[in-house]
Amino acid sequence: MSSAAAAQSLPKADALSNGKQIATTVCAACHAADGNSTQAVNPVLAGQHAEYTLKQLQNFKAQDGKAAERPNPVMAGMVASLSADDMRNLAAFFEVQKPKPRAARDPALVKVGQAIYRGGVLSKNVAACTACHGPNGAGVPAQFPRLAGQFPEYVAAQLRAFRSGERANDPNRTMRAVAEKLSDRDIAAVAEYISGLR
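Residue positions are given per chain, counting from 1 as you read along its sequence in written order. Whole-chain, interface and lining totals are the exception, using all residues; otherwise, since this is a predicted model, local features are given only for residues with pLDDT of at least 70 and side-chain atom pairs are given and counted only at 80 or more. Excluding hydrogens and water, the side-chain figures rest on all heavy atoms present in the structure.

With that settled, consider the packing of aromatic side chains. Geometrically, a pair of aromatic rings is defined through the distance of the ring centres and the angle of the planes. Side-chain rings of Phe, Tyr and Trp, where Trp is taken by its six-membered ring, are said to pair if the distance between their centres is within 6.5 Å; with planes under 30 degrees apart they count as stacked, over 60 as edge-to-face, and otherwise as tilted. Inspection of every chain in the model, using the stated rule, returns 2 aromatic pairs. Judged by centre distance (5.5 Å) and plane angle (50°), the rings of Y117 and Y193 are tilted. Pair noted here: Y117 is in helix 6 (residues 107-119) and Y193 is in helix 10 (residues 184-195), with a separation of 76 residues, a long-range link. A relative accessible area of 8% places Y193 in the buried class. Comment: the charge-over-ring label is applied if NZ (Lys) or CZ (Arg) is within 6 Å of the ring centre and within 35 degrees of the ring normal. In this structure, R102 packs its charged tip against the face of F151, placed 3.8 Å from the ring centre. Helix and strand definitions here come from DSSP, where helices need a minimum of 4 consecutive H or I residues and strands a minimum of 2 consecutive E residues; each element is numbered from the N-terminal end. For each residue, the accessible area found with a 1.4 Å probe, counting protein chains only, is set against the maximum for its type, and the residue is called buried under 20%, exposed over 50%, and partly exposed in between.

Rendered as structure tokens:
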């Protein structure tokens, strides 16, 4: 990529400034001002791809009389007054924040989770997580979220929500198809492994 192209892809300073203002006034109580949430129930947003964060914000918001694609009463209230520009600015701001490293806590679960993350579960026809989220959990911008260092409790809750169909905002049912085949132990293990990725 040329330096001119790279410069065009960077968010503008005013977008970051506007995003920071929204983050500190609207998001900080749950996600911290820099997106490094300290509460396992709230995801770490620091370093998350702007495209992914933007999609989630849009999915939380009911639009044109239609229900939100990702129902969540708390987040629905948070995004209700955000404009499309506010959401883009907020997503751009969180993307450039540095995520704080996290460490996995349960070595036995990590071993099982590593096997699932890197190799999938052949007997259940589950592909390796690396296929979409990369070997270090960095994800692929605009397609698959960054997972590295995410709270294991949050990852497990999202996988269970995909498995039950409670969360259904995944294109082509990709995550639902995977999660439906995972046991509670599989979910706990892969979530624990993800928490230690950097």
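A separate point is helix 8 (residues 152-164). Here helix 8 spans 18 Å end to end across 13 residues, near enough to the 18 Å set by a 1.5 Å rise per residue. Considered for burial, the residues of helix 8 that qualify are P152, Y154, V155, A156, Q158, L159, A161 and F162. Whether two residues are in contact is decided by their heavy atoms: any pair within 4.5 Å suffices. Residues of helix 8 that are buried in the fold lie against helix 9 (174-179) and helix 10. Where helix 8 ends, the next residue or the one after it, G165, has phi of about 90°, a positive value. Helix span, as expected, comes to 1.5 Å for every residue beyond the first.

The score called pLDDT rates the predictor's confidence residue by residue, from a low of 0 to a high of 100. Per-residue confidence for the protein chain gives a mean pLDDT of 93; residues scoring 70 or more make up 94%. Segment residues 1-7 is flagged for pLDDT under 50; beyond a separation of four residues in sequence, or across chains, it makes 2 contacts in the model.

Moving on, we come to a nonpolar patch on the surface. On the surface, a cluster of nonpolar side chains totalling about 220 Å² of accessible area is made up of V26, V74 and M78. Looking at the element boundaries, V74 is found in helix 4 (residues 73-79). In this structure V74 comes out as exposed when scored by relative accessible area, which is 52%. Without a salt bridge and with relative accessible area above 30%, a residue can belong to a patch; like charges are then joined within 9 Å and nonpolar side chains (Val, Leu, Ile, Met, Phe, Trp, Tyr) within 5 Å. Note on areas: these come from Shrake-Rupley sampling with a 1.4 Å probe, and a residue is covered only by the protein chains present in the view. What makes a salt bridge here is a side-chain nitrogen of Lys or Arg within 4 Å of a carboxyl oxygen of Asp or Glu, nothing more.

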